[in-house]
Amino acid sequence: LFSAIWGLAPEEITDLLLLLGAHPDRDARMSGNPVVLRGWLYRQLITRLIEIRGTRPALIVVLEDIHWLDPSSGEFLAELDQQLARERILLVFTQRTVGPDDRPARHADRVLRLTPLSTPQSTEMIRAILGDDLADQGALSWVRDKARGVPLFVSAFADFARRQSGPDFSGTSLPLDLLDLFE
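Residues numbered from 1 in each chain as written. Predicted model: local features only at pLDDT ≥ 70, side-chain atom pairs only at ≥ 80, totals over all residues. Heavy atoms only, no water.

Describing the packing of aromatic side chains
In total, this model carries two aromatic pairs according to the counting rule given. Considering the side-chain rings of Trp142 and Phe157, the 5.5 Å spacing of their centres and the 90° angle between planes classify their relative orientation as edge-to-face. Taken together, the residues Trp142 in helix H6 (residues 137–147) and Phe157 in helix H7 (residues 151–163) connect sequence positions 15 residues apart. Taken individually, Trp142 and Phe157 each receive the classification buried, so the pair is uniform in this respect. Ring geometry for Trp142 and Phe160: centres 6.0 Å apart, planes at 35°, overall tilted. (Phe/Tyr/Trp six-rings, centres within 6.5 Å; stacked < 30°, edge-to-face > 60°. Helix = DSSP H or I, 4+ residues; strand = E, 2+ residues; numbered from the N terminus. Buried < 20%, exposed > 50% of the residue type's maximum accessible area, 1.4 Å probe, protein only.)

Structure below.
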């Protein structure tokens, strides 16, 4: 049946039966064939998402940073898109882009392009993190210049400044960029 209908090779049938806990030979071992394992995993994840959706009026699945997707994950998302087309499940993908001509990593019904925070927005966020005691002009300028309006960077550099208990923002002991901040 597996071979005739699905076109599975004997090792794939063995792997599938083992994954389902239905192999008659208790000593049988997985072949390690990633194609069978990946296909089974895809079906299991999609089935679980549909089951979860059945217990709620709607389901939102958020996948962050899909610009880092490996080919297997891309295949999974293509399968997920196809299987969930008729379900009340909203797929939300986020990705970083380099310029205005960048295309979404996945087809999207709607694309929202976020712009960097403005200077007043960055300042408000920095003040909220630093508090009034530490939010002097040097700290505000340093964080704004380093973060360039990226909310993640604003919060990371502002948090760094807060933990330094009033560092000298003209000094060289401060991190040069985000990579230095995390080292």
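Let's talk about a nonpolar patch on the surface
Among the surface-exposed residues, Ile60, Val62 and Leu90 lie close enough to one another that they form a single nonpolar patch of about 290 Å² accessible area. Here Ile60 shows up in strand E1 (residues 59–63). (Patch = residues over 30% accessible without salt bridge, like charges linked within 9 Å, V, L, I, M, F, W, Y side chains within 5 Å. Areas by Shrake-Rupley, 256 points an atom, 1.4 Å probe, with all protein chains shown as cover. Salt bridge = Lys/Arg side-chain N within 4 Å of Asp/Glu carboxyl O.)

Concerning helix H5 (residues 119–134)
The α-helix winds at 3.6 residues per turn, so residues separated by three or four positions along the chain end up facing the same way. Across its 16 residues, H5 extends only 18 Å between first and last C-alpha, which sits more than 12% below the 22 Å expected from 1.5 Å per residue. Within H5, the axis deviates most sharply at Ala128, by approximately 75°. Of the positions making up H5, those classed as buried are Ser122, Thr123, Ile126 and Leu130. Where H5 is buried, its residues contact H6 and H7. (Expected span 1.5 Å × (residues − 1). Bend = angle between axes of the 7 residues up to and from the residue. Contact = heavy atoms within 4.5 Å.)

Quick word on the packing of H5 against H6
The geometry of H5 relative to H6 is characterised by a closest axis approach of 10 Å and an angle of 135° between their N-to-C directions. The orientation of H5 with respect to H6, classified from their angle, is oblique. Where H5 crosses over H6, the handedness of that crossing is right-handed. Residue-level contacts link Thr119, Ser122, Thr123, Ile126, Arg127, Leu130 and Leu134 of H5 to Ala139, Leu140, Val143 and Arg144 of H6. (Axes fitted to C-alpha atoms, helices over the stretch in contact; angles between N-to-C directions. Parallel < 35°, antiparallel > 145°, perpendicular 65-115°, else oblique. Left-handed = near helix turned anticlockwise from the far one by under 90°.)

Things to note about the pairing of strand E2 (residues 89–93)
In terms of strand pairing, E1 meets E2 through five bridges, oriented parallel. By the bridge assignment, Leu63 is partnered in E2 with Phe93. (Pairing = 2+ DSSP bridges.)

Here we look at unusual backbone geometry
Unlike most non-glycine residues, Asp65 shows phi in positive territory, near 55°. With respect to the helices, strands and loops of the structure, Asp65 is situated in the loop between E1 and helix H4 (71–83). Residue Asp65 is classed as partly exposed on the basis of its relative accessible area of 27%. One non-glycine residue, Arg148, lies in positive phi territory at about 50°. Secondary-structure assignment places Arg148 in the loop between H6 and H7.

A few points about the nonpolar core
One recurring pattern in soluble globular proteins is that nonpolar side chains are buried together. In terms of nonpolar packing, the biggest core is built from 13 residues, with Ile126, Leu130, Trp142, Val143 and Val154 touching the most fellow members. For this core, the secondary structure elements donating two or more residues are H5, H6 and H7. Setting aside anything within four residues of it in sequence, one finds Val154 in contact with Leu117, Ser122, Met125, Ile126, Ile129, Val143, Ala147 and Gly149. Membership of the second largest hydrophobic core comes to twelve residues, among which are Ile46, Val61, Phe76 and Leu77. (Core = buried A, V, L, I, M, F, W, Y, C linked by side-chain atoms within 4.5 Å.)

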